[in-house]
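# Structure at a glance
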There are 2 protein chains.
Amino acid sequence: MSAQKLSVPRLSDAVAETLERQILDGVFKSGDRLPAERELAVSLGVSRPSLREAIQKLASRGLLRSRQGGGTFVTGQLDAAFFDPWQEMLGAHPELRTDVAELRRVLASEAAEWAAKRRTPEDMTRLVQTFTALRGALSAAQGEFVQAGGGFGETSLPTAQDKDGIETLIASDAAFHQAVAEAAHNAMLGHLYAAVLRLLVDDIRLNFSELREVSRAFSLLASQYSTLFEAIRDQRPAAARAAVEAHLDFVAESMAQSLRAAARRETAAQRLQSHPDFSGGAIAAVASFSSHA
Amino acid sequence: MSAQKLSVPRLSDAVAETLERQILDGVFKSGDRLPAERELAVSLGVSRPSLREAIQKLASRGLLRSRQGGGTFVTGQLDAAFFDPWQEMLGAHPELRTDVAELRRVLASEAAEWAAKRRTPEDMTRLVQTFTALRGALSAAQGEFVQAGGGFGETSLPTAQDKDGIETLIASDAAFHQAVAEAAHNAMLGHLYAAVLRLLVDDIRLNFSELREVSRAFSLLASQYSTLFEAIRDQRPAAARAAVEAHLDFVAESMAQSLRAAARRETAAQRLQSHPDFSGGAIAAVASFSSHA
DNA sequence: TAAATACAAAGGTATGACCATTTTACCTTT
DNA sequence: AAAGGTAAAATGGTCATACCTTTGTATTTA
């Protein structure tokens, strides 16, 4: 009578839960486009109306957004829940960037350790992909610099090609770190780390830009990435943690140098023209970085 | 171009809005049965799939409830909307709670270590305040239990006073941990930790509720809190980290026990009446917890 | 009268088709 | 070779129909 009858589970609810789960697990990331409804319905083994009802449910919760003719996209509301308040805070208090970087170090360390413990073969394929792409982007960006590095007067005038190289490098870097975080198999950590990386994207860009003018810097980075990758591949958690911490310590030190260099450049832009070998100082700085590893 | 185009209004959205409006206006009152989908579709001038999508949207928000063969009814649930998206996720995917708890352990460990390193005198005054309040709430809640603990048959019937004790205990616990996190002097960590604690409040409540029925549990907790507090006070980072990790490992183990106990209670509610000394098992369980510290 | 049965109603699901919009590829033009 | 435009493919949006399962109720039967 008054008791609740056991309700028959609706198929659309199960589908919605599956999709939600996949979004949560990073199978579909923020901004990704879902497969077409017809394909997705087949791959899920349900009819299109059932899938559509599930999509509508998630869309009504703001997790998905559909555009006729375009596709259905993951809105990234989950990441935004972390990201938005923080970005606001960062805008008002730029000095918090060091706090974010510090937090990132913690999250990345833990992610690397867990990834080394829990990675699956599927994780490895993605890690290999992103690692390979990152190595390629690294050498490509380095190659561009070496190629055009003869004229030192242009260092403050990046070409469009340079900018593309840096951007793909940033994207590759983020993708690799994200792959590590997702190999840790903790959905919260994965989304949180994505949000933190987005917060730091400006710093990362600045850092890469400065670092690419130092020929040895990128090979250092490459070796650091390799160490991390191999530690996860060989399932050595402590080594993975150490590798990512060494990498981020190097990055942090480099960041401090970059900020100082940027400030210096502000006041001495003209003098750079007459002292084209200033980068020797940067090379010396990188040499000191290597002692951190 | 890439900016957001004005999206074509979906018919199902318009239908959902119409239905919601009619429910709000009292055309369909609470508990009413909506017209059959086929009739309603005709009367609204839309197809049944479109109407169904609209109904699913409202059902996913709790406004409607459909029973196969019965009909679609208006539930009195008005405006249960606008949760934290992560809160919703946790509701739909309970297995995520372990992820959150795992993340919390990381954050709390780091917070404790940093707090021991960086705490200021001002931090100490707040730590003392919250720690004292927590100890008070702990013994108060324990006292309530001991006072009313004679009749074991009532353990599943918490009084209003019990509930208040638990709630103040939860608040005190959160305040103390939050004070530790803020003594770490990383604003991002502080905000993040607060958010994570909010996500876990239900688990913490459940855990305290189960734990308070075991007389020795609260004194164990009190000693754990003391160890953490003293480590921060004496600026011993490693000890602080160890203390909070021991505490959270105990909590995690206790949580697992609580969930098992809750599940057991579900199926054996009657037997509890005839076996009032069941709590002896819980005490034994807690005794095993102490080996984790 | 009460239990069992049968029928109708209602929601749940599946299939197929067609429409509107967007995206993409190709082709023409400059 | 680059720019622009047009057509085709892709994709979500909508509709119609059919069939199934569950529920509610009227009918039949013991």
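Values in this document were obtained by computation on a predicted structure and should not be read as measured data. (Residues numbered from 1 in each chain as written. Chains lettered and ligands numbered in written order. Predicted model: local features only at pLDDT ≥ 70, side-chain atom pairs only at ≥ 80, totals over all residues. Heavy atoms only, no water.)

### Some remarks on the interface of chain A and chain B
The partner chain B presents 35 residues to the 40 residues of chain A that form the contact. In this assembly, chain A packs against chain B so that about 3,700 Å² is buried in total across both faces, 65% of it on carbon and sulfur atoms. On the chain A side of the contact with chain B, Glu53(A), Gln56(A) and Met188(A) bury the most area, a combined 16% of that side's loss. Linking chain A with chain B are 6 salt bridges. In this structure, Glu95(B) engages Arg21(A) in a salt bridge whose closest nitrogen and oxygen atoms are separated by 2.6 Å. Summed over the shared surface of chain A and chain B, the number is 16 residue pairs in polar contact (both at pLDDT 80 or more). (Contact = heavy atoms within 4.5 Å. Buried area = accessible area lost by both parts, 1.4 Å probe. Salt bridge = Lys/Arg side-chain N within 4 Å of Asp/Glu carboxyl O. Polar contact = N/O pair within 3.5 Å; in protein donor to acceptor, adjacent residues only side chain to side chain.)

### Points about the pairing of strand E2 (residues 71-74) of chain A
Working note: regular strand, side chains alternate between the two faces of the sheet. All names here are of chain A. Summarising the sheet, strand E1 (residues 64-67) and E2 pair through 4 bridges and their orientation is antiparallel. Within E2, the position partnered with Leu-64 by the bridge is Val-74. Connecting E1 to the next strand, E2, in antiparallel fashion are 3 residues, including Gly-69 with a positive phi near 85°. (Pairing = 2+ DSSP bridges. Helix = DSSP H or I, 4+ residues; strand = E, 2+ residues; numbered from the N terminus.)

### Points about the protein's contact with DNA strand C
Not every one of the 26 residues close to DNA strand C is listed here, only the nearest: Leu11(A), Pro49(A), Arg67(A), Glu37(B) and Arg52(B). By atom count, sugar and phosphate contribute 64% of the portion of DNA strand C lying within 4 Å of the protein. Glu37(B) places a main-chain nitrogen or oxygen 2.6 Å from a phosphate oxygen of DNA strand C. Every element with two or more residues in the surface near DNA strand C is listed here: helix H3 (48-60) of chain A together with helix H2 (37-44), helix H3 (48-60), strand E1 (64-67) and strand E2 (71-74) of chain B. (Near = heavy atom within 4 Å.)

### Digging into the layout of surface pockets
Approximately 930 Å³ is the volume attributed to the second largest pocket. Contributing to the lining of the second largest pocket are 37 residues, with Glu37(A), Arg48(A), Arg52(A), Gln56(A) and Ser66(A) lying nearest its centre. For the lining of the second largest pocket, the secondary structure elements donating two or more residues are helix H1 (11-24), helix H2 (37-44), H3, E1 and E2 of chain A together with helix H1 (11-25) and H3 of chain B. Tallying contributions element by element places H3(A) first for the lining of the second largest pocket, with 7 residues. Grouping the amino acids of the lining of the second largest pocket by side-chain chemistry returns 11 nonpolar, 14 polar and 12 charged. (1 Å grid on protein atoms, 1.4 Å probe; cavity = no way out; pocket = protein on both sides within 12 Å on 5 of 7 lines; lining within 4 Å. Points joined across faces, edges and corners; volume = space filled by probe spheres on them. Nonpolar A, V, L, I, M, F, W, Y, C, P; charged D, E, K, R; others polar.)

### Re the protein's contact with DNA strand D
What surrounds DNA strand D is a group of 27 residues, the closest being Glu37(A), Leu11(B), Ser50(B), Arg67(B) and Gln68(B). Looking at DNA strand D alone, sugar and phosphate atoms form 68% of those within 4 Å of the protein. Measuring from a phosphate oxygen of DNA strand D, one finds a backbone N or O atom of Leu11(B) at 2.2 Å. Between Arg67(B) and DNA strand D, the recorded distance is 2.5 Å, taken from a side-chain N or O atom to a phosphate oxygen. Elements that contribute at least two residues to the surface near DNA strand D include exactly H2, H3, E1 and E2 of chain A together with H3 of chain B. In terms of residue class, the surface near DNA strand D is built from 5 nonpolar, 11 polar and 11 charged.

### Observations concerning H3(B)
Along an α-helix, a turn takes 3.6 residues, which lines up residues three or four apart on a common side. Spanning 13 residues, H3(B) covers 18 Å between terminal C-alpha atoms, matching the ideal 18 Å at 1.5 Å per step. Taken together, the buried positions of H3(B) are occupied by Ser50(B), Leu51(B), Glu53(B), Ala54(B), Ile55(B), Gln56(B), Lys57(B) and Leu58(B). Buried residues in H3(B) make contact with H1 and H3 of chain A together with H1, H2, E1 and E2 of chain B. Gly62(B) sits one or two residues past H3(B) and shows a positive phi near 85°. (Expected span 1.5 Å × (residues − 1). Buried < 20%, exposed > 50% of the residue type's maximum accessible area, 1.4 Å probe, protein only.)

### Remarks on the packing of helix H4 (residues 77-92) of chain A against helix H8 (residues 187-211) of chain B
Here H4(A) crosses H8(B) at 150°, and the two axes come no closer than 12 Å. The orientation of H4(A) relative to H8(B) falls into the category roughly antiparallel. Between H4(A) and H8(B) lies a crossing of right-handed hand. Residue-level contacts link Phe82(A), Trp86(A) and Met89(A) of H4(A) to Met188(B), His191(B) and Leu192(B) of H8(B). Among the residues forming the contact of H4(A) with H8(B), the class breakdown is 5 nonpolar, 1 polar and no charged. (Axes fitted to C-alpha atoms, helices over the stretch in contact; angles between N-to-C directions. Parallel < 35°, antiparallel > 145°, perpendicular 65-115°, else oblique. Left-handed = near helix turned anticlockwise from the far one by under 90°.)

### Here we look at the confidence of the model for chain A
Residues and elements named next belong to chain A. When pLDDT is averaged across chain A, the result is 84; 80% of the residues are at 70 or more. For the stretch residues 1-5, pLDDT sits under 50, and the model shows 1 contact to residues farther than four places along the chain or on other chains. Considering only residues more than four positions removed or in separate chains, one finds that residues 276-293, a stretch of pLDDT under 50, has 21 contacts. (pLDDT = per-residue confidence, 0-100.)

### A few points about H8(B)
The sharpest bend along H8(B) reaches about 55° and sits at Leu200(B). A side-chain oxygen of the first residue of H8(B) lies 3.0 Å from the backbone nitrogen of Met188(B); this N-cap is Asn186(B). (Bend = angle between axes of the 7 residues up to and from the residue.)

### Considerations on the packing of aromatic side chains
Applying the stated criterion across every chain, the model contains 10 aromatic pairs over all chains. Seen in terms of ring centroids, Phe82(A) and Trp86(A) are 6.3 Å apart; in terms of plane orientation they differ by 45°. Their pairing is tilted. With Phe82(A) and Trp86(A) both in helix H4, this residue pair falls 4 residues apart, about one helical turn. The residues Phe82(A) and Trp86(A) share a single accessibility class, namely buried. Pairing Phe131(B) with Phe229(B) gives two aromatic rings, centres 4.4 Å apart and planes at 5°, and the pair type is stacked. (Phe/Tyr/Trp six-rings, centres within 6.5 Å; stacked < 30°, edge-to-face > 60°.)

### Things to note about the pattern of salt bridges
Residues and elements named next belong to chain A. A full pass over the atoms with the stated rule returns 42 salt bridges over all chains. A salt bridge links Arg-241 to Glu-113; its shortest N-O distance comes to 2.5 Å. Residue Arg-241 is located in helix H11 (residues 237-267), and its partner Glu-113 is located in helix H5 (residues 97-118); the two are separated by 128 residues in the primary sequence. A relative accessible area of 17% means that Glu-113 is categorised as buried. Members of the salt-bridge network, linked through shared partners, are Arg-105, Glu-110, Glu-113, Lys-117, Arg-241, Glu-245 and Asp-249.

### Comments concerning the environment of Leu127(B)
Residue and element names in this part refer to chain B. Within the secondary structure layout, Leu-127 lies in helix H6 (residues 121-148). Separated by 95 residues in the primary sequence, Leu-127 and Asp-32 have C-alpha atoms spaced 54 Å apart. In this view, Leu-127 contacts Phe-176, Ala-179, Val-180, Ala-183, Phe-229 and Ile-232; residues no more than four positions away in its chain are not counted.

### Thoughts on the packing of helix H5 (residues 96-118) of chain B against H8(B)
Angle between the axes and distance between the axes: these two values describe a pair of packed helices. Residues and elements named next belong to chain B. Across the interface, H5 lies against H8 with an axial gap of 10 Å and an inter-helix angle of 135°. Our classification of the angle between H5 and H8 gives oblique. Once H5 is placed against H8, the crossing between them reads as left-handed. On H8, the residues touching Arg-97, Val-100, Ala-101, Leu-103, Arg-104, Leu-107, Ala-108, Ala-111 and Trp-114 of H5 are Leu-189, Leu-192, Tyr-193, Val-196, Leu-197, Leu-199, Leu-200, Asp-202, Asp-203 and Ile-204. Within the contact of H5 with H8, the residues separate by chemical class into 15 nonpolar, no polar and 4 charged.

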